[in-house]
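Architecture and fold: a report
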Amino acid sequence: MLVHYPGPWSPLLGRLALKEIPYQNPILVWTFVLVACATLVILGAITYYRSWGYLWREWLTTVDHKKIGVMYCLLGLVMFFRGFIDGVMMRTQQVMAVGPQSPGYLGALHGYLPPYHFGQIYSAHGTIMILFAITPILIGLMNIVVPLQIGARDMAYPYLNAVSFWLTAAATGLVMISLFVGDFSHAGWVGLSPLTELAYSPGVGVDYWIWAVQIGSVGTTLASINIIITILKLRAPGMTWTRMPIFCWTALSTSVVGLSSFPVFTAAVALLSLDRYAGTHFFTPGLGGNLMLYTDLFWIWGHPEVYYVILPAFGIMSEIIPTFSEKPLFGYMTMAAASIAIGGVSWSVWLHHFFTMGAGPGVNSFFSIASMLVGIPTGVKVFNWAFTLYRGRIRFDLPMLWALAALVLLLTGGLSGMMLAMPAINYTVHNSVFVVAHFHNMLNVVGFAAIGGINFWFPKVFGFKLDERIGKRAFWFFSAGTVVLFGSMYALGFMGMPRRIDYIPFVSWRPLLISEEVGIFLFLIAAYYMFKQMYVSIRDRGQHRVTGPDPWRTARSLEWLTHCPVPFYNFALLPYINSRDEWAWRRQHGLVNLRPDHYEDIHLPSNTFVPVLLGALAFGLGFGMVWRMYWLASLSLLGIVAVVIARSFEGDPGHTIPGARIREVEEGLLSDPGREAPVAGVAGGAVAFQASVTPRSPVQGP
């Protein structure tokens, strides 16, 4: 039986009514105006340049892993900007609402945000940054790079890859529409129980959060399956486990973590949904439920999720640092083992998020020791990166700056993490902004590494570099903002400032709060330079165009074998892997410009609109359930089932690209002035491509 909700309800619109549109809030009204204007400009530009057909054929319906990866990154960057603005609003509210004499604006008693609105922004900031900004960006980079690094033509399941993306897009759509239709959860990004229960949150905000994270979790789980199978089954001939790039190892480990943790989160949120929709009492204290059950289930997912995002960042750093040190990565085998070990230990540490719950010294000691054990494989990585830098020919190109800054942040964040792993210290700083500073410190490791990865692989995808001069300005302002903002936050944590508060009672904290606001201002300048870097790079792409497959001249792994930008088939013929650092090995042996003797037909999957349709239906299901428009939710669910069944009967026969067409494309790409293209086999006897017969590697060892 469905729970009766307070307030009006109609069969057509459910709980949706005009009063649910927050037109009385000037902040949201102006936000809506800006978003509407920006949307009209974008749609107008697409229409003016008659790009709707191109957009539909080449992007929206694509199953190409590179384009899906780019769309993941674009989606993540848009949501990153939204989450960043939420952070700006929170810090500005706190610096304005210090002491009982602080004035109030826009209906707030202090500052400019009422507590309920502040709670929504707080919840949206965490949810967006972790689930809908960082996660899509990293999945996008893995989508782009992993198939290229293992010598594959695409992901193992291209159609499923597109479905994963459009489910994630549907989830972000629910988060974004909650800005203007209804409200968002005020129960924190973790969904604090029992605050998420119906008695304490009778509005639709928690429901928006529930359906957004559930749909997004399904998309992320499917993406994890795809990456695992791609690495297991589609490695090129000669690509043994000990020749696989470290980024692929971290992608494999993080995907195993994602596959095993996100279903737990989905189940926990499904039980919460039953509490709110069906009147069960899984997490309702006093009625047979246990709110700590939800806390356990959430953090059983929540802390592995931290490693889900940090492991790809480690992989990116492991690709960038050797490239710009001009030497192989030190300790390859231990780096691979550490990547797997971090994923394994991630399941043994979740209780350190609530040492104060009273589990007892034995339980706390176990999880304290387990939390400290994570430092061992992480320390192995830090020392290996340091030894890679030692006596290297270090070049401080833009990707290297981001990677080195991520390494420094890892040291400070890791040390504060070791402090929090000790129950005695944890009791002291629990629920303070010291904890907030720590995990922002660690998530900045991910952010710095991800931005470095985008700068690093951008020319591989688009054929031109991002502007280095403007990018370095963005880097220095971003770094300064990180130090100023989160250094102040660490200090406030030691002074006892609680997290999640919209009003600051102690005026003695004002100087550090002002320092935090200065850090936010530095971040705003960095964001300006990032936008400028992208705009100028696209505008002057002719000047930044790269020639040859390796724009950095010292790259090492297989993805640099193919062209810049990468053609739709990735490799004209599947490469044969001769060494661990295949591209560096070929460069060392003078084999970087090999050209195959012949070309074979290539079979590729066809584009399809089905993932777009499934994403739209998933959005309809979520929106219908949020507002109790049961007819919309039922039709959307039936539509999903019908589309999936129909697709299973139809399948995808794909299409074949003739070898003559591949030769034509390759000869066009190889016709750059100054680039030689000798026939394969003329030097060194190395096997460059795998044709009808798999040859034996001419070298021994890795």
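Structure shown above.
Let us look at the structure shown here.

Rules used throughout
- Residues numbered from 1 in each chain as written.
- Predicted model: local features only at pLDDT ≥ 70, side-chain atom pairs only at ≥ 80, totals over all residues.
- Heavy atoms only, no water.
- Phe/Tyr/Trp six-rings, centres within 6.5 Å; stacked < 30°, edge-to-face > 60°.
- Helix = DSSP H or I, 4+ residues; strand = E, 2+ residues; numbered from the N terminus.
- Buried < 20%, exposed > 50% of the residue type's maximum accessible area, 1.4 Å probe, protein only.
- Lys NZ or Arg CZ within 6 Å of the ring centre and 35° of its normal.
- Axes fitted to C-alpha atoms, helices over the stretch in contact; angles between N-to-C directions.
- Parallel < 35°, antiparallel > 145°, perpendicular 65-115°, else oblique.
- Left-handed = near helix turned anticlockwise from the far one by under 90°.
- Contact = heavy atoms within 4.5 Å.
- Nonpolar A, V, L, I, M, F, W, Y, C, P; charged D, E, K, R; others polar.
- Core = buried A, V, L, I, M, F, W, Y, C linked by side-chain atoms within 4.5 Å.
- Domains from an automatic or database assignment.

**Structural notes on the packing of aromatic side chains**
- For the structure shown, the criterion picks out 52 aromatic pairs.
- Between F81 and F531 the ring centres are 5.6 Å apart and the planes differ by 85 degrees, which places this aromatic pair in the edge-to-face class. Of this pair, F81 sits in helix α3 (residues 65–96) while F531 sits in helix α16 (residues 510–539), placing them 450 residues apart in sequence.
- The exposure class of F81 is partly exposed, given its relative accessible area of 39%.
- Taking the relative accessible area as the measure of exposure, F531 reaches 51% and is therefore exposed.
- Judged by centre distance (4.9 Å) and plane angle (75 degrees), the rings of F165 and W166 are edge-to-face. By the burial criterion, F165 is buried, and W166 matches it.
- An aromatic cluster is built from W189, W209, F262, F265, F282, F283, Y294, F298, W299, W301 and Y308, whose rings are joined through pairwise contacts.
- Geometry around W241 places R235 over its ring, the cationic atom sitting 4.2 Å from the centre.

**Looking at the packing of helix α18 (residues 610–626) against helix α19 (residues 630–650)**
- At their nearest, the axes of α18 and α19 sit 7 Å apart, and the two run at 155 degrees to each other. Comparing their axes, α19 and α18 come out roughly antiparallel. The hand of the α18/α19 crossing is left-handed. Mapping the contact onto sequence places V610, L613, L614, L617, A618, G620, L621, F623, G624 and M625 in α18 and Y630, L632, A633, S636, L637, G639, I640, V643 and V644 in α19.
- Among the residues forming the contact of α18 with α19, the class breakdown is 15 nonpolar, four polar and no charged.

**Regarding the nonpolar core**
- Y208, W209 and W385 are the most contacted members of the largest nonpolar core, which totals 183 residues.
- When residues of this core are sorted by domain, at least three fall in each of domain 2 (50–608 + 652–671) and domain 3 (609–651).
- Residues within four places of Y208 in sequence aside, it is in contact with L174, I177, S178, V181, D183, F184, F623, V626 and W627.

**Structural notes on the packing of helix α8 (residues 291–325) against helix α11 (residues 375–389)**
- At a closest axis distance of 9 Å, the pairing of α8 and α11 adopts a crossing angle of 15 degrees. Overall, the two elements α8 and α11 adopt an arrangement that is roughly parallel. Crossing geometry of α8 relative to α11 is assigned as left-handed. Where α8 abuts α11, its residues F314, M317, S318, I321, P322 and S325 lie against T378, K381, W385, T388 and L389.
- By residue class, the composition of the contact of α8 with α11 is six nonpolar, four polar and one charged.

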